[in-house]
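As a plain string of letters, each chain reads:
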Amino acid sequence: MPNPLAPGSLAGKRVLVTGSSRGIGADTVGYFAEAGASVVINYRNKEARATKLANGIREAGGTAIVVGADLTDPESVAAMFDQVQAELDGLDILVLNASGGMESGMAEDYAMTLNRDAQVDLLTSAMPLLAPGSRVVFVTSHQAHFIGTTETMPEYLPVALSKRAGEDALRSLIPRLEEAGIGFVVVSGDMIEGTITATLLERANPGAIGARKEAAGRLYNVSEFAAEVAAAAVDPIPPHHTRYVGDVSDFGPIEGE
């Protein structure tokens, strides 16, 4: 997938992508780094992957730092931003990519804790580092964005409900963000082939991803969707602060959109 960002177009910019040691987050970081940005690779427990990604960026002449943080732990988040402030002196782009809720062995309220509460806490903590003209991107799925009007697979329901709750909570901060000169965009995509979520869904409900692919005509892969996320950080803010990736004809409309 070609980089949607022109070489050098983000020179001097500072970017943090949560959950960026693998998958969509890792590819998004790669696009930013190739465009000249200094990138922060955040991970929860995949330190080796994060370090390998950062080393590759540095070997290519880029700037990357690796910061481990549990986004559900306020002290861990505070330490992450302290390190970002010390090493980069602020941020120009923040991509809220990390999410979860289908993992085994987690507390019953883990999805809501991570996908709503942690997202709000993270953005609130990041605001002092975001200067006027900066951009925040929240990554979600059509299945979550449209959960109020369109049913989703039962196995995905806790994630969908918590992701939508997180989106609503973040949208409530838009007036405050705009007052500070900070742009906000939601990137909503269909199920993405090759992601951990798709793998877990397929394991819980064999054939689910294939059925969705047939209904949609096609599904984006990781690098294609990551390119859309990266572009959302620099393109003009779309109507209703929402960038749709892929077909939405199977999903019911949201009032006001």
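Keep in mind the model is a prediction, meaning the values are calculated, not measured.

Asker: Tell me about the nonpolar core, residues and numbers included.
Answerer: One finds F32, V39, V95, V187 and F225 to be the most contacted residues of the largest nonpolar core, which totals 35 residues. Of all the elements in the fold, those that place two or more residues in this core are β1 (14–17), α1 (23–34), β2 (38–43), α2 (47–59), β4 (91–96), β5 (130–141), β6 (183–189) and α10 (222–232). Top contributing element to this core by residue count: α10, with seven residues. The residues touching V187, leaving out its near neighbours within four places in the chain, are V137, F138, V139, T140, F225, V229, A232, R243 and V245.

Asker: Explain the environment of P253 to me, using residue names and the numbers behind them.
Answerer: Counting through the fold element by element, P253 comes out in the segment after β7 (242–245). Judged by its relative accessible area of 68%, P253 is exposed.

Asker: Give a detailed account of the sheet that holds β4, specifying residues and quantitative values.
Answerer: If you walk across this open sheet you meet the seven strands as β3-β2-β1-β4-β5-β6-β7, and the pairing is parallel. Edge strands, defined here as strands with exactly one partner in the open sheet, are β3 (63–68) and β7. Between one strand and the next, the sheet's axes are offset by a mean angle of 20 degrees, whatever the strand orientation. Judged from the three bridges that link them, β1 and β4 form a sheet pairing that is parallel. Among the inter-strand pairings, V15 is bridged to a residue of β4, identified as I93.

Asker: Run through the packing of aromatic side chains, naming residues and quoting values.
Answerer: Scanning the model with the defined rule gives two aromatic pairs in all. When the ring of F146 is compared with that of Y244, the centres are 5.7 Å apart and the planes differ by 20 degrees; the resulting orientation is stacked. You can see F146 sitting in the loop between α5 (142–145) and α6 (157–171) and its partner Y244 sitting in strand β7, a full 98 residues away along the chain. For F146, a relative accessible area of 4% puts it in the buried group. According to the relative accessible area criterion, Y244 is partly exposed, its value standing at 31%. Ring geometry for F146 and F251: centres 5.3 Å apart, planes at 25 degrees, overall stacked. Separated by 105 residues along the polypeptide, F146 in the loop between α5 and α6 and F251 in the segment after β7 bring together distant segments of the chain. F251 carries the same exposure label as F146, and that label is buried. Over the aromatic face of Y220 sits the side chain of R218, whose NZ or CZ is 4.3 Å from the ring centroid.

Asker: Can you explain α6? Please cite residues and give values.
Answerer: For α6, with 15 residues, the first-to-last C-alpha span of 21 Å sits near the 21 Å given by 1.5 Å per residue. Among all positions in α6, only V159, A160, S162, K163, R164, G166, E167, L170 and R171 are buried.

Asker: Report on the environment of D73, specifying residues and quantitative values.
Answerer: Take D73: it is sitting in the loop between β3 and α3 (74–88). A relative accessible area of 32% means that D73 is categorised as partly exposed. As for D73 and T113, which are separated by 40 residues in sequence, their C-alpha atoms are 10.0 Å apart.

Asker: Provide a residue-level description of the pattern of salt bridges, including the pertinent values.
Answerer: Here the structure, examined in full by the defined rule, presents eight salt bridges. A salt bridge links D117 to R116; the nearest nitrogen and oxygen atoms lie 2.7 Å apart. What makes R116 partly exposed here is its relative accessible area of 31%. Of the charged contacts, one joins D235 and R243 as a salt bridge, the two residues approaching to 3.0 Å between their closest N and O atoms. Judged by its relative accessible area of 27%, D235 falls in the partly exposed class.

How each quantity is defined
Residues numbered from 1 in each chain as written. Predicted model: local features only at pLDDT ≥ 70, side-chain atom pairs only at ≥ 80, totals over all residues. Heavy atoms only, no water. Core = buried A, V, L, I, M, F, W, Y, C linked by side-chain atoms within 4.5 Å. Buried < 20%, exposed > 50% of the residue type's maximum accessible area, 1.4 Å probe, protein only. Helix = DSSP H or I, 4+ residues; strand = E, 2+ residues; numbered from the N terminus. Contact = heavy atoms within 4.5 Å. Pairing = 2+ DSSP bridges. Axes fitted to C-alpha atoms, helices over the stretch in contact; angles between N-to-C directions. Phe/Tyr/Trp six-rings, centres within 6.5 Å; stacked < 30°, edge-to-face > 60°. Lys NZ or Arg CZ within 6 Å of the ring centre and 35° of its normal. Expected span 1.5 Å × (residues − 1). Salt bridge = Lys/Arg side-chain N within 4 Å of Asp/Glu carboxyl O.

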